[in-house]
Every structure is written in C-alpha cells, then in structure tokens.
Amino acid sequence: MSEAQDPAPDTPQPSGRPATLALALFGYTVARMLLVVVIAAVILFGGKLVGVDVPFLVAAVFGVLIALPLGMYLFKSLRLKVNSEISAIEADRRARHDDLQSRLRGDK
C-alpha cells in the first residue's frame, strides 16, 4: 500500500474486534454524559450566581438539549472511531458471510 492511499498517519486503524468497539462506544458515551452533567451544573450554579433558582429537571433537560449538537462537534474524533470500528466489524462479518456462501455453493 502506498503512502498516498493511507488515510492519515495519526489516525488509528480500526481493528474490527467487538471488544475494541465496546471500549470506543463506552468512551464516547461517557464523554457525552459528562458533557450533559457539566452543562446542567453550569446552568444550576450559574442561575444561583445571578439569584435565580433553576429546578434540577429544567437544568437537566437544557443540559441534554445543549449537549446534543455540542457533543457531536466536540467529540468528533471519538464518534469517527466508533464509526470506523463498526465498519471494520461489518466488513469482517461480510467477508465471513461471503466465504460461507461460496463454500456452500462449492466454489472453494
């Protein structure tokens, strides 16, 4: 494979293992949840600083709503890692399926 075909030298190549996918998905999920908690805390304590009592449920809902687009932007590299791991697992599954189909047809 030539260097012109490599996507990026710093980008880790997907391994295609379910454990790696689970770890990447766990990291992405935890990062998104922490972002919601941080935003909700900023809303709660920011309200207290200006003398407004913000209910917890309101802060949580606004934390989720604000974190949805912000998390997609801030954690783009984590999201792309999860996507590449899913693609690698799907490619491996497809190759095994095609191999099984060709063996069942008697091609191999």
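Residues numbered from 1 in each chain as written. Predicted model: local features only at pLDDT ≥ 70, side-chain atom pairs only at ≥ 80, totals over all residues. Heavy atoms only, no water.

Our focus in this paragraph is the overall build of the protein. Within the protein one finds three helices and zero strands. When the helices and strands of the protein are read in sequence order from the N terminus, they spell out α-α-α. Of all 108 residues assigned to the protein, the portion counted as buried reaches 20%. Residue pairs in contact within the protein that sit at least 24 positions apart in sequence constitute 71% of those at least 6 positions apart. Accessible area of the protein: about 8,100 Å², with a carbon and sulfur share of 69%. (Helix = DSSP H or I, 4+ residues; strand = E, 2+ residues; numbered from the N terminus. Buried < 20%, exposed > 50% of the residue type's maximum accessible area, 1.4 Å probe, protein only. Contact = heavy atoms within 4.5 Å. Areas by Shrake-Rupley, 256 points an atom, 1.4 Å probe, with all protein chains shown as cover.)

Mapped onto this structure's residue numbering, the UniProt feature "transmembrane region" (unreviewed entry) falls at residues 21-44 and 56-75. Regarding residues 21-44, the helix share stands at 100% and the strand share at 0%, and the terminal C-alpha atoms are separated by 35 Å. With 95% helix and 0% strand, the stretch residues 56-75 has end C-alpha atoms that lie 25 Å from each other. (UniProt positions renumbered as here; feature names shortened; annotations may be inferred.)

Quick look at the pattern of salt bridges now. Considering all chains together, one arrives at six salt bridges under this definition. Here glutamate 85 and lysine 81 are joined by a salt bridge, their closest N and O atoms 3.5 Å apart. Of this pair, glutamate 85 and lysine 81 both sit in helix H3 (residues 76-105), separated by four residues, roughly a single helical turn. Here lysine 81 falls in the partly exposed class, since its relative accessible area comes to 30%. The partner of arginine 93 in a salt bridge is glutamate 90, and the shortest N-O contact between them spans 2.9 Å. Of this pair, arginine 93 and glutamate 90 both sit in helix H3, three residues apart, which is roughly one turn of that helix. (Salt bridge = Lys/Arg side-chain N within 4 Å of Asp/Glu carboxyl O.)

Here we take up the confidence of the model for the protein. Per-residue confidence for the protein gives a mean pLDDT of 87; residues scoring 70 or more make up 84%. Mean pLDDT per element in the protein: H3 is the minimum at 92, and helix H2 (residues 56-74) is the maximum at 95. (pLDDT = per-residue confidence, 0-100.)

The axes of two packed helices give the description: the angle between them and the distance between them. Look at helix H1 (residues 18-49) against H2: their axes get within 7 Å of each other, and the N-to-C directions meet at 135°. By the angle between their axes, H1 is oblique relative to H2. Of the two possible hands of crossing, H1 and H2 adopt the one that is right-handed. The residue makeup of the contact of H1 with H2, split by class, is 18 nonpolar, two polar and one charged. (Axes fitted to C-alpha atoms, helices over the stretch in contact; angles between N-to-C directions. Parallel < 35°, antiparallel > 145°, perpendicular 65-115°, else oblique. Left-handed = near helix turned anticlockwise from the far one by under 90°. Nonpolar A, V, L, I, M, F, W, Y, C, P; charged D, E, K, R; others polar.)

Another aspect to go through is the environment of arginine 17. In this structure, arginine 17 sits in the segment before H1. Separated by 69 residues in the primary sequence, arginine 17 and isoleucine 86 place their C-alpha atoms 9.0 Å from one another. What arginine 17 contacts, discounting residues up to four positions off in sequence, is Glu85 and Ile89.

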